[in-house]
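Read off the chains here:
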Amino acid sequence: MKTIYIECNMGAAGDMLTAALLEVQDDPQKALNELNALGIPGVEYVAERTEKCGIRGTHMRVFVHGQEEDEHLHDEHEHHHHHDHDHGHELHDEGHTHTTDEHEHHHDHEHEHSHHHHAGLKDIHEIIESLQLSDTVRNNVIKVYDLLAEAESHVHGTTVDEIHFHEVGTMDAVADITAVCYLLDRLGVDRVLVSPVHVGSGTVKCAHGILPVPAPATAYLCRDVPVYSTEIRGELCTPTGMALLKTFADSFGPMPVMRTSRIGYGMGRKDFPVANCVRVFLGETEEQGGKVIELDFNVDDMTGEEIGFATERLLEGGAREVFTTPVYMKKNRPGILFSVLCTEDTKQDMVSLIFKHTTTLGIRETKKDRYTMERHIEREQTPYGEVRRKISSGYGQQKEKQEFEDLARIAKTENLNLFDTRKLTKKTEE
C-alpha cells in the first residue's frame, strides 16, 4: 500500500510541509512549475536548497506580488497572532510571531495592519474556487481553511463569519495550504500517517499579551492529536501546520514497517540545536491486509437526510467504509443496519461519532481479517487533460480503473456523458 509518513519532530508549518512533499515528487521541478501555474493571485513559489545540522533539504519561499511576507519580520516557522479590529477578528498565519524566548527576534508590527485590506472566509472560498484545481484538491483546501476558521472563532468567542484574514498573510497561507493539498494529491498515496507532533514550549507575545505555547488556536486544533513538548523554546507547530496534518492524517503514531523509496526534508529558516525540518518518508507499507474492526448497529427512527449526514461525518472522522442495509427489526418494523469499518486506533473515535450522530443506544463490535491488493496511481495525458488511473495488483490479478472525479470534470467541461468520456480517455495500447 503506497504510504507517506510525516515525521514532525520539530513541529509543522505549511511551508515546511510543502518543501518536504516537493522533494519526494517524481519530478520536483515539474511539480514546482505546476504550483506556479495554479493561478493564485500574485503568488510565486521559489524552492531553495539549504542545510540544517549537516542535513540538506529544501526551504520553500512564497512571494506575493514580488514581496515575501516575512521579508522584514523573519520567521515563517511561526504564525501571526491575532489583533482585534472594529470589523472583527483578524487571522494571520505563517509569518510574524513575536515570542519572549531567546530564539526569537522582536519587532513592533502593529502599524503594518492599518494600510492592508482584509478578507473574510467567504472571500477565501471565492479565491479557492477560482484556482485551477481538481475538485478533490479544492475541497481539501476548503476543509483546511474551515478548520482554521473554526479554531479562531472558538478562541475569540465569535462566529466564523467574523474572522478576517490579513491581505498579504492570506495569500501566503492560501499558497501553503494549496501547495500541500496539491502535492499530496499528486503523489496518489493510499495512506497518510503522522508522528506525534512536537509543539515547542515557552510563550509567545501578541497584541493580547503573552500567551503560552501552543497558542490558543493551535491548542484547539491539537485536540485528539498526540502532541508533546521538550526543552526546545519556541512555537514549533503553526495553526496551518496542525490543520493540514489533521485534515490528511489517517492516523497518528510511530512509523510503521515500510519499504521506503524516497525521503524529503522541508526546512524552516530558524536554527535550533536539532535540525529544524519536517521529514517525510514515501514508500510501501509491509502489511497488505491486517485486522479491521466492524461496528454494527440498528436504527429505525432516522430520516434519509439524517442517515446521509451521519454517514458523511463518520467517513470524515476516519472510517474506512460506511454502508447501510435495509432490515426488519422488532415488531416487524423496517429499519437500517449501519456497518462501519475502521482500525483499532480509530475505534473509540468512531464509537463517539456514532453515538453523537445517530439515535442508536448500542453498538456491536467484530474483528475481521482483511485482504487487500497493492495499489498505485498512474497519470495519463489525454486530449482532454490529465486522467488518473488506479492500478491494483495482487493474488495473481491486476485491475485498472480511471478516477471518477477526473472523468466527471472532463464530462462537465466537454458536455459529454460519462460513458463517452470513458471511451474517449481510455488508454490505448501501442
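This write-up is about the structure you can find in this document. (Residues numbered from 1 in each chain as written. Predicted model: local features only at pLDDT ≥ 70, side-chain atom pairs only at ≥ 80, totals over all residues. Heavy atoms only, no water.)

**Observations regarding the sheet that holds strand 23 (residues 364–369)**
Then, in step 1: Taken in spatial order, the four strands of this open sheet run 21-22-20-23, and their pairing is antiparallel. In this open sheet, the two edge strands, each paired with only one partner strand, are strand 21 (321–328) and strand 23. Ignoring which end each strand starts from, the neighbouring axes of this sheet average 25° apart.
Then, in step 2: Pairing between strand 20 (residues 291–299) and strand 23: six bridges, direction antiparallel. What sits directly across from Glu294, in strand 23, is Thr366.
Then, in step 3: Across the sheet, helix 8 (residues 304–316) is in contact with strand 21 and strand 22 (334–342); its angle to strand 21 comes to roughly 150°. (Pairing = 2+ DSSP bridges. Helix = DSSP H or I, 4+ residues; strand = E, 2+ residues; numbered from the N terminus. Axes fitted to C-alpha atoms, helices over the stretch in contact; angles between N-to-C directions. Contact = heavy atoms within 4.5 Å.)

**Some points on the environment of Gln132**
Then, in step 1: Note that Gln132 resides in the loop between helix 3 (121–129) and helix 4 (135–156).
Then, in step 2: Here Gln132 falls in the exposed class, since its relative accessible area comes to 60%.
Then, in step 3: Gln132 sits 97 residues away from Leu35 along the chain, and the two C-alpha atoms are 9.8 Å apart. (Buried < 20%, exposed > 50% of the residue type's maximum accessible area, 1.4 Å probe, protein only.)

**Some words on unusual backbone geometry**
Then, in step 1: Here Val213 and Pro214 are connected by a cis peptide whose omega angle stands at 0°.
Then, in step 2: With respect to the secondary-structure elements, Pro214 resides in the loop between strand 14 (209–212) and helix 6 (216–221).
Then, in step 3: Its identity as a non-glycine residue notwithstanding, Lys331 has a phi of 60°, on the positive side.
Then, in step 4: Turning to its location among the elements, Lys331 is positioned in the loop between strand 21 and strand 22.
Then, in step 5: Positive phi outside glycine occurs at Asn415, with the angle close to 55°.

**Side note on the state of the cysteines**
Then, in step 1: Overall, the coordinates contain zero disulfides when judged by the stated rule.
Then, in step 2: Just so you know, Cys222 is unpaired, no disulfide at all, and the nearest cysteine sulfur is the one on Cys237, 5.8 Å from it.
Then, in step 3: On the basis of relative accessible area, Cys222 is assigned to the buried category, the value being 9%.
Then, in step 4: Of the residues examined, Cys237 reaches a relative accessible area of 1% and is grouped as buried. (Disulfide = S-S within 2.5 Å.)

**Things to note about the environment of Asn140**
Then, in step 1: Among the secondary structure elements, Asn140 is positioned in helix 4.
Then, in step 2: With a relative accessible area of 14%, Asn140 lands in the buried category.
Then, in step 3: Contact partners of Asn140, with chain neighbours within four places excluded, come to Cys181, Thr247 and Phe248.

**Brief notes about the packing of aromatic side chains**
One pair of aromatic rings is described through two measures. These are the centre distance and the angle between the planes.
Then, in step 1: For the structure on display, the rule yields two aromatic pairs.
Then, in step 2: On the basis of an interplanar angle of 5° and a centroid distance of 4.8 Å, the ring pair of Phe297 and Phe338 is categorised as stacked. Here Phe297 is found in strand 20, whereas its partner Phe338 is found in strand 22, with 41 residues between them in sequence.
Then, in step 3: Positioned above the aromatic ring of Tyr220 is the side chain of Arg223, whose terminal nitrogen or guanidinium carbon lies 3.9 Å from the ring centre.
Then, in step 4: Here the guanidinium or amino end of Arg313 rests over the ring plane of Phe309, the centre of that ring lying 4.3 Å away. (Phe/Tyr/Trp six-rings, centres within 6.5 Å; stacked < 30°, edge-to-face > 60°. Lys NZ or Arg CZ within 6 Å of the ring centre and 35° of its normal.)

**Points about the side chain of Thr382**
Then, in step 1: Note on placement: Thr382 falls in strand 24 (residues 374–382).
Then, in step 2: A distance of 2.7 Å separates the side chain of Thr382 from the backbone oxygen of Gly385, its partner in a polar contact.
Then, in step 3: What Thr382 contacts, discounting residues up to four positions off in sequence, is Val387 and Thr425. (Polar contact = N/O pair within 3.5 Å; in protein donor to acceptor, adjacent residues only side chain to side chain.)

**Quick look at the pairing of strand 22**
Then, in step 1: Pairing analysis gives seven bridges linking strand 20 to strand 22, with the strands arranged antiparallel. When the sheet's bridge partners are listed, Glu294 is paired in strand 22 with Leu341.
Then, in step 2: Looking at chain direction, strand 21 and strand 22 are connected through eight bridges and run antiparallel. In the sheet register, Thr325 faces strand 22, and the bridge partner there is Leu337.
Then, in step 3: Here strand 21 hands over to strand 22 after five residues, with Lys331 in that stretch at a positive phi of 60°.

**Structural notes on the sheet that holds strand 24**
Then, in step 1: Read across the open sheet, the three strands follow the order 24-25-26; overall the sheet is antiparallel. Both outer strands of the open sheet, strand 24 and strand 26 (397–402), are each paired with one neighbouring strand and no more. In this sheet, neighbouring strand axes are inclined to one another by 25° on average, regardless of whether the strands run parallel or antiparallel.
Then, in step 2: Taken together, the nine bridges between strand 24 and strand 25 (residues 385–394) define a ladder with antiparallel strand orientation. What sits directly across from Glu378, in strand 25, is Arg389.

**So, helix 1 (residues 14–23)**
Then, in step 1: With 10 of 10 residues buried, helix 1 is to be regarded as a mostly interior element.
Then, in step 2: For helix 1, the complete set of buried residues consists of Gly14, Asp15, Met16, Leu17, Thr18, Ala19, Ala20, Leu21, Leu22 and Glu23.

**Topic: the pairing of strand 3 (residues 55–64)**
Then, in step 1: The buried fraction of strand 3 is high, at seven of 10 residues.
Then, in step 2: Across 10 bridges, the pairing between strand 2 (residues 43–52) and strand 3 is antiparallel. Following the sheet pairing, Ala47 is matched in strand 3 by Met60.
Then, in step 3: The hairpin turn running from strand 2 into strand 3, its antiparallel successor, is two residues long, and Cys53 in that turn takes a positive phi close to 50°.
Then, in step 4: Bridge count for strand 3 against strand 4 (residues 67–68) is two bridges, and the pairing is antiparallel.

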